[in-house]
Every structure is written in C-alpha cells, then in structure tokens.
Amino acid sequence: MGEAPFLEIERVEVAYGATRVLDDISLQLAEGEFLALLGASGCGKTTLLRAIAGFVPVRRGRILVAGRDLAGVPPERRGVAMVFQSYALWPHMTVAQNIAYGLKLRGVGREERRRRVERLLAMLGLEGLGGRRPGELSGGQRQRVALGRALAVDPRVLLLDEPLSNLDARIRQTVRHEIKELQQRLGITAVHVTHDREEAMVMADRIAILDAGRIVQLGTPREIYEQPNSPFVAAFMGAENELRLRVRGEGARLWVEPGPSWEAQLLPADSRDGGVRGRPPAVGTARALFRSETARVLADGEELPGALVMRGEVRQAAYLGGRWRYGVDVAGARLLIDDPRRFEAGDRVRVAVPAPALFLFAEDGAA
Amino acid sequence: MSARAALAWLPRALLLGLLAFFIFGPLFNMLLWAFAERWYFPHRLPLEFGFDFWARVFAPRSQALQSLATSVWIASLTVLLCTALALPAGYALARLSLPLRSLIMLLFLLPQAFPNLPVYINIARMFYTVGLNGTVLGVVLVHTVHGLVYAVWITTAAFAAVDRELEEAARNMGASRLRTFWTVSLPLAAPGILASAIFVFLESLDEFTGTYFVGVPDVTTLPLLMFTASMGGNYQIASITALILLVPSLLFMLVIERFLRADVLAKVGT
C-alpha cells in the first residue's frame, strides 16, 4: 500500500437535520483494495456508502477518487458503481437490458454492448438468462445481475451495500468467495458494508469498525480479531463473555485480586509473549472479555499456568457439533464456555481462559 | 328449508329487491326507451319496438355523431393538457416529504369543495371577456380544471409507488435526472398514468355543467345533446346517446381491472 491512496475520505461529516450520522470519518484505500465497513445497524455504514455514491450530502470534509474531489459532482458522474441491498433491478427491463443500461449511456454500440453483456453473464454463471425479467429470477441470480450491472461500466470504485443479506445462508458462503475472487481478478477498489463479522473477515483486506457514526478501529481482519482496541470491538468480534476484575500491573506480570469466584492469581502481561491482550489499567477495575471457544473447563486437579481460572456452576448445555457450549454462572454473570466433554446442569466446574485469549480494558475507557 | 327459515329470509329478499330496483330500474327504463318506437301514457310498456331512432342517431351528418366527434376531440385535448400538467406536478409531489405533500394535495382538492355552478358561471363571465366563450379551447380549459385534480392525485400515487432506489440505481449507472425520469420513473409509473388519462377522458366525456355555461350555443357535446333531447321530450335520442356514453366507461373498468396494480391504487391520496 505504499502508493498514493485511490479512494480518500477526509474528515467527513454527514448529518440529517440536527442528527449527526457520520462524525469525522477518515479512510484511505489503495487501488484494488477491498475494505469492509462493519457495524451494527444504525451505525452509519450505509450512509457512508451513500455519501461516496453522492446520494447523501456531505456537510464537512472531502471525498476524493484518484485525487479528484467529488464535492458537487452529481451521482451520475462519480464513476462509482453501487450494488444495492435490495438489488434495485429495474423490473420493466430484461436482465440484459439492466446490465447494458450503463453501457448504453456511455455510447457503447449495440454489437459491442451485446458482446460485453454476454461476457458478463458467462462470468457470473447467468448464461441464457439475458432475456428474463428480474422478477423471474431467484434471489442469488438477482444478486449476480446487480453485480453484473455494476461491473459492466468498469467502475473505479465498487460499493457493496450488504449485497448478501437477502441470500440463504448456504448461498451466502459461496457468493462471498465469488465476489472476493472477482474483485481481485478485476483489480477493483471496493467498499463493502456488512454487519456480518465473518463475511467481513473472509472478503476484506481491511476492516473498519463503525460505532455511532465513528470509526472505532481500522485494520486487517487479523489485527482487528486479535488486537481489538476497545471492549466494543472485542465484543463485536466475538468476545462476548465479559467479567470485571480488579487488577494490578507488576512489570511483565499482572496480579488479579481475589474475587467472588476466583483466587488471587498472576497472569503474564506482555501481549507479545503470551500475555493478556488489550489495555489493562495499571491499577483498578478492568473489563475482561473473551471468546467462548478460547475458554475450557478444567478437569479435577488439573492446573493451567498462565490462565485465568474461575469457579462456576453449569446451568445449560447445547451441542454445537464436536463440542458443547455451556452456560456457566460465574460471580453472578452467565458465561458461555465451549468444551468437548459432557457436563450436566448443576455440575460445579472450574473454567480456564488462557491469558492470550483474554482482552482487558480499563473501565470507562480510562487508560 | 322450513317455513320459518323462509319467512326469516323474506325481509332480506325484499330489501335486496328494492335496492336492485333503485339501481337497475332507471337503467332498465332507459334501455326500454332506447328501443321504443311508440310509448305513451297509460301504457306500462312501449307499444312498438324498433331501431328507427338508432338509424336517425347514426345517420351520416347527424347531430348526434357530430357532437360525439366534438366530445371525443375535446376529451382528447383535455387528456393531453391534463397529463402534460400532471406529469411534472405528480412527480414533484411524489418526491416531497409526506406532510407537505398531503397539504398541497388537499389544496388541489379545495375548488371541488365549492358548489360548481357559481364557479362555472364566474369562469364563463371571465371567458366571455377574453373571447373564450363558445370555443373548443374554452371548454377544454374548463374540463382541464376539473380533471386536473384527479390527474394529479393518481399520477402522484403512481410515482410514489416507484421505489426511489430504482432511480438511484439509474443515477449511479450514469443517467442524468431527466434520463432517469424517462427510462425508469416514467415507464414504471405508466400504468397509473394511463389510468389517470382514461379517467380524465371519461370525466371530460361526461362533463355537463361547465360545457353548458362555457360552450353553449356554439359547442355541442354529447351530454349537451342528451340534455336538449330529453328537455324536448325526445327520450329515445337521449337514451341512445346515454348508451353510447356508457361504452367508454365499461371499457375503462375492464382496463382498470386488468392493468392497474393494487399498490398504485393503495397510494392514491397518501
């Protein structure tokens, strides 16, 4: 990514009336990069996409494509193509007419149009469907027609607004990879909006996590997954078990003070060397988050050095295939813990979370 | 069925019969008159049936055919003028935010709230001073004022039923606002606009009061002819012209049934 950014978003602010929807958003994408905007509904991710497409006025800040400021440029002259969540295919046109629409506007001749539409239909596995109306297609086929329409105009930037959310779970899995592969093959710069963490990780080179109109973290899928910078990101990336611990830093180690369900214990504190992650406070209460699949139940008498160990009671069990997910009550909180062995409700167990799987953050965001 | 049950049905049957009489009685009477050659007082039914009056109505250069032609010509011009005005107005209204839209639509309806006789008399006075009285253009203008309310309401509903994302997709693909309107919004709203055109056409064809004040004596439409005929006791001619006027209405109902989507109709007035 050493080259000049291709799509630049500079301190963009968008507001509807008095409601600020996007606040000080800055992003830079290299040419050919795939960025996912990940966030819960209402966080402003679709608004950002619509601002890039020119459907939403930007109150402050700049959006640039290949160095050109898009302020005042109407949607039709931005050279960005969008795949809508609803697909927005024109019901009164055939599939071929839908795809050829942008080409026709660009003055591409009839014969050339036909050839390019054929090529796109073949590329998207829609051979022979050119004469159909969108209403006669399945959801997956419509999604591909919408993608084909966007790709037909050779866009400089491809915008994807939750294009997979209306598909069956199984089709979604394959389409993810298809879109990613297509985007890489064509070398298009793409911004993809989604609320699906796995989808973002599979498809994107980088992920921007949005919360209440702000980017809270930006990084590669691995960075975001392994080094979330806030409890919000950690929870959003699947670390949904949460506890409060009183901790005290001591060089490369971290004392956990005794709590209602755990003894005083010592954890490694250097995250580069198998220690806890996140930003624990020097002294004070920390929010501790971890993923269910990283914890496990200890056998009787078993010790796991360098792990947080707690006592709890099994309350419910669900079989996930190959392992069980247990609801374990620890210090009044319900934690979800995965383990391959079978336990019954009412069993008293010890639960261990290895230090590298533990994300610690000072309470109230104070460092 | 027991006698008691049959008795219980009697009031309902009577009520239905009475209702049918009120609805179909006059229509039936008209139908009789259309084919009656001779029919006078103490007789309940015509003394003689035949097609003499039909022949007279459809005779070449007959007054009836001429006024039919005038009626159709005026209705066609009214449709053109109404649609030309309702297309931009309806599109703009459909894209307005809701409270404002309702307000403007209500304003459009306001002239209809006044008794239309004084309105037409005043229009006639105004037209008289500018020389529009007794001209086809004058009648077309009066019909347009009347038809525009329906045209704007129906057209607005038709455009409002077009998903805005479909227009955004066109803009996104490189179409200007105008191009988007012609290639996406208009074709998708076409069934509703067609309905509005047909509705305006029929309204103009049936319109009497305005035509009477503005058109008489130089412009004679079919309803005016019908009025003169029945005033002159010529019920046969009046009934036959009424039947002719019925044909387009029936056709319209068929078209509405076949082509108009329920979601367009549901948006009328919202």
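Look up a bit, the structure's there.
Residues numbered from 1 in each chain as written. Chains lettered and ligands numbered in written order. Predicted model: local features only at pLDDT ≥ 70, side-chain atom pairs only at ≥ 80, totals over all residues. Heavy atoms only, no water.

Another aspect to go through is the sheet that holds strand E20 (residues 348–354) of chain A. Residues and elements named next belong to chain A. Strand order in the open sheet formed by 5 strands is E16-E20-E17-E18-E19, and the pairing between neighbours is antiparallel. Looking at the sheet topology across the chains shown, the edges are occupied by strand E16 (296–298) and strand E19 (333–339). On average, adjacent strands in this sheet sit at an angle of 50° to one another, irrespective of strand direction. As paired strands, strand E17 (residues 307–319) and E20 are joined by 7 bridges and run antiparallel to one another. Bridge pairing links glutamate 313 to arginine 348 in E20. (Pairing = 2+ DSSP bridges. Helix = DSSP H or I, 4+ residues; strand = E, 2+ residues; numbered from the N terminus. Axes fitted to C-alpha atoms, helices over the stretch in contact; angles between N-to-C directions.)

Of note, the bond from valine 216 of chain B into proline 217 of chain B is cis; its omega dihedral lies within 30 degrees of zero at 5°. Considering the arrangement of structural elements, one finds proline 217 of chain B in the loop between helix H9 (209–215) and helix H10 (222–231). Here the phi dihedral of alanine 66 of chain A falls at roughly 50°; this positive angle occurs in a residue that is not glycine. Inspection of the secondary structure assignment puts alanine 66 of chain A in the loop between strand E4 (60–65) and strand E5 (68–69). Among the residues examined, alanine 66 of chain A registers a relative accessible area of 44% and is labelled partly exposed. (Buried < 20%, exposed > 50% of the residue type's maximum accessible area, 1.4 Å probe, protein only.)

All names here are of chain B. Direction vectors running N to C along helix H6 (residues 136–160) and helix H8 (residues 177–206) enclose 145°, while the axes themselves pass 8 Å from each other. Handedness of the crossing formed by H6 with H8: right-handed. For the pair H6 and H8, the contacting residues are His143, His146, Gly147, Tyr150, Ala151, Ile154, Thr155, Ala158 and Phe159 in the first and Phe181, Ser185, Leu186, Ala189, Gly192, Ile193, Ser196, Phe199, Val200, Glu203 and Ser204 in the second. Per-class residue counts for the contact of H6 with H8 are 11 nonpolar, 8 polar and 1 charged. (Left-handed = near helix turned anticlockwise from the far one by under 90°. Contact = heavy atoms within 4.5 Å. Nonpolar A, V, L, I, M, F, W, Y, C, P; charged D, E, K, R; others polar.)

This paragraph deals with the pattern of salt bridges. Should their charged atoms come close, side chains of opposite charge can pair. Residues and elements named next belong to chain A. The final tally for this structure, using the stated rule, is 38 salt bridges over all chains. In this structure, glutamate 303 and arginine 350 form a salt bridge, with 3.7 Å as the shortest nitrogen-oxygen distance. Within this pair, whereas glutamate 303 is found in the loop between E16 and E17, its partner arginine 350 is found in strand E20, the two being separated by 47 residues in sequence. What makes glutamate 303 exposed here is its relative accessible area of 58%. A network of salt bridges, in which partner residues are shared, links Glu13, Arg20, Asp23, Arg59, Arg60 and Arg214. (Salt bridge = Lys/Arg side-chain N within 4 Å of Asp/Glu carboxyl O.)

With that settled, the discussion passes to the pairing of strand E11 (residues 241–250) of chain A. Residues and elements named next belong to chain A. Pairing analysis gives 8 bridges linking E11 to strand E15 (residues 283–290), with the strands arranged antiparallel. When the sheet's bridge partners are listed, valine 247 is paired in E15 with glycine 284. Where E11 meets strand E12 (residues 253–256), 4 bridges bridge the pair, whose relative direction is antiparallel. Across the sheet, residue glycine 249 finds its bridge partner in E12, namely leucine 254. Between E11 and E12, which pair antiparallel and follow one another directly, the connecting turn spans 2 residues, one of which, glycine 251, has a positive phi of 65°.

Let us look at the sheet that holds strand E9 (residues 206–211) of chain A. Residues and elements named next belong to chain A. If you walk across this open sheet you meet the 6 strands as E6-E7-E8-E3-E9-E10, and the pairing is mixed. Pairing within the sheet leaves two strands with one partner each, and these edge strands are strand E6 (80–83) and strand E10 (214–219). Put simply, the sheet's adjacent strands are angled 20° from each other on average, direction ignored. Each of strand E3 (34–38), E6, strand E7 (157–161), strand E8 (189–194) and E9 touches helix H1 (residues 45–53); the most contacted strand, E7, lies at about 150° to it.

Just distances and angles here, no functional claims.
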